[in-house]
Each structure stands twice: as structure tokens, then as C-alpha cells.
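Architecture at a glance
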Amino acid sequence: MAENKPQENWEPKIVGIVCNWCTYAGADLAGISRIQYPPNIRLIRVPCTGRINPFYIMKALQEGADGVLVSGCHPGECHYLSGNLSARRKFNMLKNFLTYVGIEPERITFTWCSASEGDRFAQVVKGVTERVKSRGPAAKLVKAL
Ligand code: FES
């Protein structure tokens, strides 16, 4: 299935799967500090990015997300020691696989963001939104009804 051409005023839907201890708190700080960022993202809070099954990302793309952001604690700060490093390994493998099957790599992003980085969270969301928007709607993995 070919990618859809974006309609005027089209806005991407982005799913953010984020760690409870860092990025989710960073998003909260951005909100409390009234830092503006695009409203295109919907956050799903998980106990640790190491808990993220790569199929969650596939499922989000199948269900109509145009992009996915995964964000966890910085290296050395994971509450479960190395869950974030495990997540990065899984994510890189998934990204290679998705690129192989024709999904643009710009649609999925992995990053670190701490609880004190509200500003950084806003910048990450802006960057992700711009990259996904430049690719247009994602339709390759969307299940036909
Ligand atoms: S606890 Fe945050 S990534 Fe592991």
C-alpha cells in the first residue's frame, strides 16, 4: 500500500511510550512550566523502557500512528539498572527491520530524557513531530478493514 499524500491541515498522530521515572516526569515538568510543544503526541507510561515489547511499536503503527517516540532514563540512571540499554538494543533491531520492510526511519525515534528536562522533552516532541510531518501519513502497516 502506498503512502497517502497529506491533506491540507493534516497533523500527524504520534504515540510516545515513555518511562514513568524520567520522560513522563519530564513531560509533566514541561506542562507545569508551561513550555509549549505540539499536541500531536499521546503518551503511554511504562515502568521502564526495558519493559517495552517491540510489538507495541508495531501495533501503534498498525493502528494508525504516523510515528512513535520511545524515551527513557539516561544511561546509568535507569531504575532497573540496564532496562534502558536493553530497550535501545531492541529498538535498533526493530528500526532496522522496519526500514527493511519500507517504513521510513524518521517515523520512529528513541531518546533519553530525564525528569528535570522539561525543555528537552518539548524540543524532542517538536523534532519528532516535524520529522513525521515531513513524511506524510503512514499507511504501510495499517491493517485494512
Ligand atoms: S527506569 Fe527509566 S528507562 Fe528504566
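Our subject is the structure that appears above.
Quantities reported herein were computed from a predicted structural model and do not represent experimental measurements.

What follows is about the nonpolar core. Within the largest apolar cluster, 19 residues are counted, with the highest numbers of intra-cluster contacts made by Ile17, Ile57, Val68, Val70, Leu98 and Ile108. Isoleucine 17 has contacts with Ile44, Val46, Ile52, Tyr56, Ile57, Val68, Leu69, Val70 and Ser71, leaving out every residue within four places of it along the chain. Grouped together as the second largest cluster of nonpolar side chains are eleven residues, Ile14, Ala30, Cys113 and Val132 included.

To continue, consider the pattern of salt bridges. Under the counting rule described, the total for this entry stands at six salt bridges. With a closest N to O distance of 2.9 Å, lysine 133 and glutamate 11 form a salt bridge. Here lysine 133 is found in helix α4 (residues 118-135), whereas its partner glutamate 11 is found in the segment before β1 (14-19), with 122 residues between them in sequence. For lysine 133, a relative accessible area of 37% gives the class partly exposed. A relative accessible area of 42% means that glutamate 11 is categorised as partly exposed. Close ionic contact of arginine 107 with glutamate 104 constitutes a salt bridge, the shortest N to O distance being 2.8 Å. Classification of arginine 107 by relative accessible area gives buried; the value is 1%. The class of glutamate 104 is buried, set by a relative accessible area of 12%.

Quick look at the sheet that holds strand β4 (residues 108-112) now. Read from one edge to the other, the open sheet built from four strands follows the order β2-β1-β3-β4, with strand pairing classed as parallel. The open sheet is flanked by β2 (41-46) and β4, the only strands paired with a single partner. Sheet twist, expressed as the average angle between the axes of neighbouring strands with direction ignored, equals 20°. Both strand β3 (residues 67-72) and β4 contribute to a ladder of five bridges, which runs parallel. Of the residues in β4, the one forming a bridge with valine 68 is isoleucine 108.

Here we take up the environment of proline 54. Positionally, proline 54 belongs in helix α2 (residues 54-62). Those residues in contact with proline 54, other than ones at most four positions away along the chain, are Lys90 and Leu94.

Moving on to the pairing of β1. With six of six residues buried, β1 is to be regarded as a mostly interior element. By the alternation rule, side chains of β1 split into Ile14, Gly16 and Val18 and Val15, Ile17 and Cys19, which are all buried. In this structure, β1 lies alongside β2, joined through six bridges in parallel fashion. Note that in β2 the partner of valine 18 across the bridge is arginine 45. In this view, the connection linking β1 to its parallel neighbour β2 by way of helix α1 (residues 23-32) has right-handed handedness. In terms of strand pairing, β1 meets β3 through five bridges, oriented parallel. Directly across from glycine 16, in β3, lies its bridge partner leucine 69.

Looking now at the side chain of glutamate 104. For glutamate 104, the position within the fold is in the loop between α3 (83-100) and β4. Separated by 2.8 Å, the side chains of glutamate 104 and arginine 107 make a polar contact.

Let us look at α2. Three or more residues of α2 are buried, namely Ile57, Met58, Ala60 and Leu61. On an axial view of α2, the arc spanned by its buried residues comes to 160°, and they lie on one face. Where α2 is buried, its residues meet β1, β3, α3 and β4. A distance of 2.8 Å separates the backbone nitrogen of phenylalanine 55 from a side-chain oxygen at the start of α2, and that oxygen is part of asparagine 53. A positive backbone phi angle near 115° is found at glycine 64, which sits one or two residues after α2.

Cut-offs and rules
- Residues numbered from 1 in each chain as written.
- Predicted model: local features only at pLDDT ≥ 70, side-chain atom pairs only at ≥ 80, totals over all residues.
- Heavy atoms only, no water.
- Core = buried A, V, L, I, M, F, W, Y, C linked by side-chain atoms within 4.5 Å.
- Buried < 20%, exposed > 50% of the residue type's maximum accessible area, 1.4 Å probe, protein only.
- Contact = heavy atoms within 4.5 Å.
- Salt bridge = Lys/Arg side-chain N within 4 Å of Asp/Glu carboxyl O.
- Helix = DSSP H or I, 4+ residues; strand = E, 2+ residues; numbered from the N terminus.
- Pairing = 2+ DSSP bridges.
- Axes fitted to C-alpha atoms, helices over the stretch in contact; angles between N-to-C directions.
- Right-handed = clockwise from strand over helix to strand, strands pointing away.
- Polar contact = N/O pair within 3.5 Å; in protein donor to acceptor, adjacent residues only side chain to side chain.
- Arc of directions from axis to C-beta.

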